[in-house]
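So the chains spell out like this:
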Amino acid sequence: MAVAFNVTGVERGEWVVLRVSGELDLMTSPVLRQRVHDVVAEGNHSLVVDLSEVFFCDSSGVGVLIAARRLLRSCQGRLRLILPEGGADGGTSRASGAERGGGSHVNRVLGALGVRRLFDVRPDLDAAMSDEVDPLSA
């Protein structure tokens, strides 16, 4: 079964929101990388990447997120990730409750790789667009 990967973008005030869905892996991560570069090339330096509909992420996906962080920092921009506690399937995956307990798959991958602390992670779009400095805890 083929899984659709999609990245859509909308402007919300000073922020550009990229909504990502599907699997973020070796085959699809170049699409997200290009979209991030396009956003920055257009002069937008406040970016929210909504990963709430991503149900799988491998190291190439993590690499794109780290590269996006580096790119935005180089132009004094801001990057925020949306990683809800329930994950892309709302906690209804075939995994056991214990396996799902760590929140979204991407959040667990970032934590396992020790790079979660590099990102400003928020639970939803409202929190991501807020200037409050209380990001979702690891």
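Going by the structure above, here's the rest.
The model shown is predicted, which means the values in this text are computed figures rather than measured ones.

Trainee: Any chance you could break down the overall build of the protein chain for me, citing the residues and the numbers?
Mentor: Counting its secondary structure elements, the protein chain contains five helices and five strands. Reading the helices (α) and strands (β) of the protein chain from amino to carboxyl end gives β-β-α-β-α-β-α-α-β-α. For the protein chain, buried positions account for 42% of its 138 residues. At a minimum sequence separation of 6, the contacts of the protein chain that also span at least 24 residues come to 67%. With an accessible surface of roughly 7400 Å², the protein chain has 51% of that area assigned to carbon and sulfur atoms.

Trainee: Tell me what's going on with helix 1 (residues 29-41), and back it up with residues and numbers.
Mentor: A rise of 1.5 Å per residue sets the reference length of helix 1, with its 13 residues, at 18 Å; its end C-alpha atoms lie 18 Å apart and thus fit the reference within 8%. Of the surrounding secondary structure, the elements contacted by the buried residues of helix 1 are strand 1 (6-12), strand 2 (15-24), strand 3 (46-57) and helix 2 (59-74). The positive-phi residue at the C-terminal boundary of helix 1 is Gly43, with phi of around 95°.

Trainee: Which residues make up helix 4 (residues 105-113), and what values do they have?
Mentor: Residues Val106, Asn107, Val109 and Leu110 constitute the buried set of helix 4. The buried residues of helix 4 occupy an angular sector of 165° when projected down its axis, which confines them to one face. Those residues of helix 4 that are buried lie in contact with strand 3, helix 2 and strand 4 (78-82). Downstream of helix 4 by a residue or two, Gly114 has a phi angle that is positive, lying close to 75°.

Trainee: Could you give an account of the environment of Glu11, with specific residues and numbers?
Mentor: Looking at where Glu11 falls in the secondary structure, it is placed in strand 1. Taking C-alpha positions, Glu11 is 9.5 Å from Asn44, a pair spaced 33 residues apart along the chain.

Trainee: If you had to explain the sheet that holds strand 1 to someone new, which residues and values would you point to?
Mentor: With mixed pairing, five strands are arranged side by side in an open sheet as 1-2-3-4-5. Every interior strand has two partners, whereas the edge strands, strand 1 and strand 5 (120-122), have only one. Going across the sheet, the axis of each strand differs from the next one's by a mean of 25°, ignoring polarity. As judged from the five bridges shared by strand 3 and strand 4, these two strands associate in the parallel manner. Paired with Val49 across the two strands is Leu81, which belongs to strand 4. On top of the sheet, helix 1 reaches strand 1, strand 2 and strand 3; it is set at about 175° to strand 2, its chief contact.

Trainee: How would you summarise the pattern of salt bridges if you had to cite specific residues and measurements?
Mentor: Tallying each qualifying case throughout the model produces six salt bridges. For Glu14, the salt bridge is made with Arg78, and the minimal N-O distance between the two is 2.6 Å. Of the two residues, Glu14 is situated in the loop between strand 1 and strand 2 and Arg78 in strand 4; the sequence distance between them amounts to 64 residues. When its relative accessible area of 26% is taken as the criterion, Arg78 is described as partly exposed. When the shortest N-O distance is used, the salt bridge between Asp120 and Arg80 registers 3.2 Å. Taken together, the residues span a long stretch of sequence, with Asp120 in strand 5 and Arg80 in strand 4 at a distance of 40 residues.

The rules behind each value
Residues numbered from 1 in each chain as written. Predicted model: local features only at pLDDT ≥ 70, side-chain atom pairs only at ≥ 80, totals over all residues. Heavy atoms only, no water. Helix = DSSP H or I, 4+ residues; strand = E, 2+ residues; numbered from the N terminus. Buried < 20%, exposed > 50% of the residue type's maximum accessible area, 1.4 Å probe, protein only. Contact = heavy atoms within 4.5 Å. Areas by Shrake-Rupley, 256 points an atom, 1.4 Å probe, with all protein chains shown as cover. Expected span 1.5 Å × (residues − 1). Arc of directions from axis to C-beta. Pairing = 2+ DSSP bridges. Axes fitted to C-alpha atoms, helices over the stretch in contact; angles between N-to-C directions. Salt bridge = Lys/Arg side-chain N within 4 Å of Asp/Glu carboxyl O.

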